Structures are given as C-alpha cells and as structure tokens.
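Spelled out from the first residue to the last, the chains are:
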Amino acid sequence: MEFFCYHRDRPGSMALRHELLEEHWSYMDRYAKEMIARGPTLVDDETCTGSVHILDLPDPAAARAFAFDEPGYQAGVYRDVLLRRWHNALGRTMWDFPGGPEDGDRYLVLGLGRGPAVDLAVPSDRAELIAYGPLMSDDDTTWVGTAALLRAPDAATARAVLTPDGYADIEVHNWQFGGRS
C-alpha cells in the first residue's frame, strides 16, 4: 500500500529541525527500501516549510507509525501531518526520474479534492513528472485529491499539471530531492 505523508513545519521550528537532522535521516534510513520519493519543501534554498515522504508500507497502521514516530514530529518541529493513501501512477521512484536530482526547479503540487475525481490519468506530457498519483481516503475507496512532484520552469507551470476547477484548493511548494547530503 502506498502512502503520501506531508509534515508541515511549525513556524519558528527551523533551529530544532536542524538540531534533529541526523536523527531524522537515521529514522528515514530505516525506510530506504519503502521510499518512492522524499524531500523538503522550501521557501528558498535554506528555509524548510515541510517534508514529503511517499512510501510503500504494509498497512495504514504502519503508515501512521511512520508519520507520528518521526523524531521531528515527536519533538514538535511540525504543526500538522497530511497522511493519505496514494497510488503511484508512474510506477517508479524519484531515483528513476531521468531528469536527475538537481537539474531545474522542482515542485510539490497538492490538489485538495472536491466533488468528482479528476486527474486520475497521468498527464500526456509526463517527461517532467517525478511522482504522480491520486490521494485516497483511508479505506482507499474515495478520491480526495492528487499529489505530484515535478520539474517545471516556474510555480504557475507546475500548478497547471492539475485541473484547476477540480479542486477546492491547489497548493504549490518548492521541493527538492531529499536524503543525506
């Protein structure tokens, strides 16, 4: 079962985040085989706003344990956590993305659904997609949105990967490939 997990930073928690960085990476190392994608969202090259992890885990209980046992969460780095079932529509990990980890600007585009499901099919121009798939309810029966990681020249182009009228809100965050530096 695949899960999308987005820990959003609590304002003013950057120093604590840095203090816990090695604990965070050590924790994530335990999930290396399960990772589909990972990395921080940013305001600029230095200031984190959150942390994205997409994983393949055995069940919802394992996903909740992953999200809420994370050292930064336990210490109060994050203000909230979005944890949803997710489907890997590309069938690959971020490490399989042919564009590599550093070439160009990258974004998390998060569409929070309303009404009937949209964007279930992978966009025809998939060359810039790093990860893409629908967000689902806990029981995997109801579409609740879409999450995409992609390379794009700017935030407006990234936003256009989703159908604007199909969502209650679309968030666009700067994102970068995660892992040990």
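Described in the following lines is the structure provided in the data block.

Reading the values: rules and limits
Residues numbered from 1 in each chain as written. Predicted model: local features only at pLDDT ≥ 70, side-chain atom pairs only at ≥ 80, totals over all residues. Heavy atoms only, no water. Helix = DSSP H or I, 4+ residues; strand = E, 2+ residues; numbered from the N terminus. Rg over C-alpha atoms; globule rule 2.2 N^0.38 Å. Buried < 20%, exposed > 50% of the residue type's maximum accessible area, 1.4 Å probe, protein only. Arc of directions from axis to C-beta. Contact = heavy atoms within 4.5 Å. Polar contact = N/O pair within 3.5 Å; in protein donor to acceptor, adjacent residues only side chain to side chain. Phe/Tyr/Trp six-rings, centres within 6.5 Å; stacked < 30°, edge-to-face > 60°. Core = buried A, V, L, I, M, F, W, Y, C linked by side-chain atoms within 4.5 Å. Pairing = 2+ DSSP bridges. Axes fitted to C-alpha atoms, helices over the stretch in contact; angles between N-to-C directions. Lys, Arg positive; Asp, Glu negative; His and termini not counted. Salt bridge = Lys/Arg side-chain N within 4 Å of Asp/Glu carboxyl O.

## What about the overall build of the protein?
Turning to step 1, where the next piece is worked out: Of regular secondary structure, the protein possesses five helices and eight strands.
Turning to step 2, where the next piece is worked out: Secondary structure elements of the protein, listed N to C terminal, follow the sequence β-α-α-β-β-α-α-β-β-β-β-α-β.
Turning to step 3, where the next piece is worked out: Rg of the C-alpha trace for the protein: 15 Å, near the compact-globule value of 16 Å for 181 residues, within the 12% margin.
Turning to step 4, where the next piece is worked out: With respect to the three principal axes, the spread of C-alpha positions in the protein is 40 × 35 × 30 Å.
Turning to step 5, where the next piece is worked out: Counting across all 181 residues of the protein, residues that qualify as buried make up 48%.

## Examining helix α3 (residues 60–69)
Turning to step 1, where the next piece is worked out: Taken together, the buried positions of α3 are occupied by Ala63, Phe66 and Ala67. Looking straight down α3, one finds that the buried residues subtend no more than 90 degrees of arc, so they occupy a single side.
Turning to step 2, where the next piece is worked out: The inward-facing, buried residues of α3 contact β1 (2–9), α2 (21–29), β2 (35–42), β3 (48–56), α4 (71–75) and β4 (78–86).
Turning to step 3, where the next piece is worked out: Sitting at the amino-terminal end of α3 is Asp59, which places a side-chain oxygen 3.1 Å from the backbone nitrogen of Ala61.

## Structural notes on the environment of Met14
Turning to step 1, where the next piece is worked out: Residue placement: Met14 occurs in helix α1 (residues 14–19).
Turning to step 2, where the next piece is worked out: Taking C-alpha positions, Met14 is 9.9 Å from Tyr78, a pair spaced 64 residues apart along the chain.
Turning to step 3, where the next piece is worked out: Filtering out sequence-adjacent residues up to four positions away, Met14 remains in contact with Glu46, Thr47 and Cys48.

## Focus: the packing of aromatic side chains
Ring pairs (aromatic) are described by centroid distance and by the angle formed between their planes.
Turning to step 1, where the next piece is worked out: Applying the stated criterion across every chain, the model contains six aromatic pairs.
Turning to step 2, where the next piece is worked out: Feature note: the residues Tyr27, Tyr31 and Phe66 constitute an aromatic cluster, connected by ring pairs.

## Observations concerning the nonpolar core
Turning to step 1, where the next piece is worked out: Judged by nonpolar contacts, the single largest core of 19 residues is most densely connected at Phe4, Ile54, Trp86, Leu149 and Trp175.
Turning to step 2, where the next piece is worked out: Listed by contribution, the elements that provide at least two residues to this core are β1, β2, β3, β4, β5 (106–113), β6 (129–136) and β7 (143–151).
Turning to step 3, where the next piece is worked out: When residues of this core are assigned to their parent elements, the largest contribution, three residues, is made by β6.
Turning to step 4, where the next piece is worked out: The contacts of Trp175, once residues within four sequence positions are left out, are Arg38, Gly39, Pro40, Thr41, Val52, Met94, Arg106, Tyr107, Leu108, Ile130 and Leu149.

## A closer look at the environment of Lys33
Turning to step 1, where the next piece is worked out: Its place among the elements puts Lys33 in the loop between α2 and β2.
Turning to step 2, where the next piece is worked out: Along the primary structure Lys33 and Asp69 are separated by 36 residues, whereas in three dimensions their C-alpha atoms are 18 Å apart.

## Some thoughts on the sheet that holds β1
Turning to step 1, where the next piece is worked out: Read around the barrel, eight strands follow the order β1-β3-β2-β8-β5-β7-β6-β4 and close on themselves; strand pairing throughout is antiparallel. Direction aside, neighbouring strands of the sheet carry axes that sit 30 degrees apart on average.
Turning to step 2, where the next piece is worked out: Contacting β2, β3 and β4, α2 crosses the sheet at an angle of about 160 degrees to β2.

## Quick notes on the pairing of β1
Turning to step 1, where the next piece is worked out: Counted residue by residue, β1 has seven buried out of eight residues, so it is predominantly covered.
Turning to step 2, where the next piece is worked out: Strand direction decides the pairing type here: β1 and β4, joined by eight bridges, are antiparallel. Directly across from Asp9, in β4, lies its bridge partner Tyr78.

## Structural notes on the side chain of Glu70
Turning to step 1, where the next piece is worked out: Take Glu70: it is sitting in the loop between α3 and α4.
Turning to step 2, where the next piece is worked out: Buried Glu70, no salt bridge; nearest opposite-charge side chain is Arg17, N-O distance 7.4 Å.

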